[in-house]
Amino acid sequence: PESIEFLVSSGQNILNLIEKRAQKVGVVTHTKRLQTDEGGNHIGELVLGESAAWEADLLVVGSHGRRGLNHFLIGSVADWICQRARIPVLLAR
């Protein structure tokens, strides 16, 4: 439970930092931290569902940049989202 709390807190801190940086340069942002342990949905489904509900113009998705066997074995949420999104997706490392 402590490790989950740490990850949740860290994730929210990152979102807050990104939102502040974007607002400084005049970019309107909407962020929401999603958890995969709710409802059993794939995280990509949750992201695309939220973007549709918000009528988002752009999705910014983080990527580890894994390649080769690691990418094949682990899969990639970013790739999954890019293949299914109906709006532009900006991948950020």
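In this text the structure is predicted, and so the values were computed from the model without any measurement. (Residues numbered from 1 in each chain as written. Predicted model: local features only at pLDDT ≥ 70, side-chain atom pairs only at ≥ 80, totals over all residues. Heavy atoms only, no water.)

> What is the right way to look at the environment of His64 in this model?
One can find His64 in the loop between strand 1 (59-62) and helix 3 (68-74). On the basis of relative accessible area, His64 is assigned to the exposed category, the value being 66%. Taking C-alpha positions, His64 is 8.9 Å from Ala78, a pair spaced 14 residues apart along the chain. (Helix = DSSP H or I, 4+ residues; strand = E, 2+ residues; numbered from the N terminus. Buried < 20%, exposed > 50% of the residue type's maximum accessible area, 1.4 Å probe, protein only.)

> For this particular structure, what's the right way to read the confidence of the model for the protein?
Do not read the predicted coordinates in detail wherever pLDDT is low. Within the protein, residue pLDDT values average 85, and 84% of them lie at 70 or more. The lowest-confidence element of the protein is helix 3, averaging 58 in pLDDT; the highest-confidence one is helix 2 (residues 43-54), averaging 92. (pLDDT = per-residue confidence, 0-100.)

> Sorry if this is basic, but what is going on with helix 2 here?
An α-helical segment advances 3.6 residues per turn. Residues three or four places apart therefore align on the same side. In this model helix 2 runs 17 Å from its N-terminal to its C-terminal C-alpha over 12 residues, within 8% of the 16 Å that 1.5 Å per residue would give. Within helix 2, the full set of buried residues consists of Gly44, Leu46, Val47, Leu48 and Ser51. Of the surrounding elements, those touching the buried residues of helix 2 are strand 1 and helix 4 (77-84). Where helix 2 terminates, the next one or two residues include Glu55, which has phi positive at roughly 55 degrees. (Expected span 1.5 Å × (residues − 1). Contact = heavy atoms within 4.5 Å.)

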